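Given next are the chains, with one letter for each unit.
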Amino acid sequence: MDNPIGVFDSGVGGLTVAREIMRQLPGENLVYFGDTARVPYGSKSKNTVLKYSKQIVRFLQTKKVKAIVVACNTASALALDDIAKEIDIPIIGVVKPGAKMAVETTKTGNVGVIGTASTVKSGIYNDYIRELNSDVTVVSKACPLFVPLVEEGLIEDRVTDDIVSRYLQEMKEYNVDVLVLGCTHYPLIRNAIKRFMGDEVQLVNPAFETAKDLKELLVKEGMLNKSGAKPSYEYYVSDGVESFMSFADSVLPVHVGDTQVIDIESF
Ligand code: DGL
């Protein structure tokens, strides 16, 4: 089945998920949408994130996608369940795969979760993790400054190390042995996070786990693209093509060609 997989995010962060899909499913065609005009989602209400996500899903369906990956943790937390009830193609988010991996990885039963304010407020990681194992204790913390730090390119920078230590001090005090990077941008500063948390704390990257789950799903449903053709990648945004393209080039293993602007409000 050579129809593309639709991947969407509030902006550029979901490219970390697209990157994992490209690596783990190199035969699949992708259509990526980044809602760069309306980012961030991480401080918005459920109603707003749901409305935006529904518009994006309608847009992706015009591209005849065979499955959808909600690459944004906030949209996975606030919109995925409602959308899944309304469409008849498979749709997966990043939260469940990340929660599952956290439960499989922890030895002490103390798991930390970091994400946007809206993801943390939703409590969704706690719910999924405790559904899988009610003996696990979850400590969550919103880290709103991480997104702008990454978007400013301050990946290896003293400022980032300072903010990491300020946000994550309490994770150390709770003695977590697993920390879920519950936001698209956080895997890009994983070195700074690792430096502060130490080697004994395992970092879970939901992007990686999601690509793995997507592969399993496509195999199970007989939906893998077996055409053997070189994959095609299409990129769409709601604003700011140039900054999207330069960020995408720094994240993806391939050069990002044409990126088109879509009037997402019209969907
Ligand atoms: N993509 C968002 C997430 O993973 C982070 C950026 C935003 O706040 O929109 O939660």
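In case you missed it, the structure is sitting above this.
Student: Is there a simple way to explain the overall build of the protein in this structure?
Tutor: Helix and strand counts for the protein stand at 12 helices and 10 strands. Taking 18 Å as the expected radius of gyration for a compact globule of 267 residues, we find that the protein reaches 18 Å, a close match to that expectation. Projecting the C-alpha coordinates of the protein onto the three principal axes gives extents of approximately 50 × 40 × 35 Å. The buried share of the protein, reckoned over its 267 residues, is 55%. Sequence separation of 24 or more characterises 76% of the internal contacts of the protein that already satisfy a separation of 6 or more. Carbon and sulfur atoms make up 48% of the accessible area of the protein, which amounts to about 11800 Å² in all. Averaging the coordinates of the 29 positive side-chain charges in the protein and doing the same for the 35 negative ones gives two points 3 Å apart.

Student: So what exactly am I meant to see when it comes to the site of the ligand here?
Tutor: Every one of the 13 residues lining the ligand counts as a neighbour, but Asp9, Ser10, Tyr41, Gly42 and Thr74 are closest to it. In this structure, an oxygen atom belonging to the ligand sits 2.6 Å away from a side-chain N or O atom of Ser10. Within the complex, 99% of the 300 Å² of free accessible area of the ligand lies under protein. Here the residues of the shell around the ligand sort into 5 nonpolar, 7 polar and 1 charged.

Student: Is there a simple way to think about helix α9 (residues 158–173) in this case?
Tutor: Within an α-helix, residues lying three or four positions from one another point in the same direction, as the helix has 3.6 residues per turn. With 16 residues, α9 should reach 22 Å at 1.5 Å per residue; the first-to-last C-alpha distance of 22 Å fits that figure. Tyr167 marks where α9 bends most, by close to 45°. Along its buried surface, α9 packs onto β5 (110–115), β6 (137–142), α8 (146–151), β7 (178–182) and α10 (190–197). N-cap assignment for α9: the residue whose side-chain oxygen lies 2.9 Å from the backbone N of Val159 is Asp157.

So, how was this worked out
- Residues numbered from 1 in each chain as written.
- Predicted model: local features only at pLDDT ≥ 70, side-chain atom pairs only at ≥ 80, totals over all residues.
- Heavy atoms only, no water.
- Helix = DSSP H or I, 4+ residues; strand = E, 2+ residues; numbered from the N terminus.
- Rg over C-alpha atoms; globule rule 2.2 N^0.38 Å.
- Buried < 20%, exposed > 50% of the residue type's maximum accessible area, 1.4 Å probe, protein only.
- Contact = heavy atoms within 4.5 Å.
- Areas by Shrake-Rupley, 256 points an atom, 1.4 Å probe, with all protein chains shown as cover.
- Lys, Arg positive; Asp, Glu negative; His and termini not counted.
- Charge placed at Lys NZ, Arg CZ, Asp CG, Glu CD.
- Near = heavy atom within 4 Å.
- Polar contact = N/O pair within 3.5 Å; in protein donor to acceptor, adjacent residues only side chain to side chain.
- Nonpolar A, V, L, I, M, F, W, Y, C, P; charged D, E, K, R; others polar.
- Expected span 1.5 Å × (residues − 1).
- Bend = angle between axes of the 7 residues up to and from the residue.

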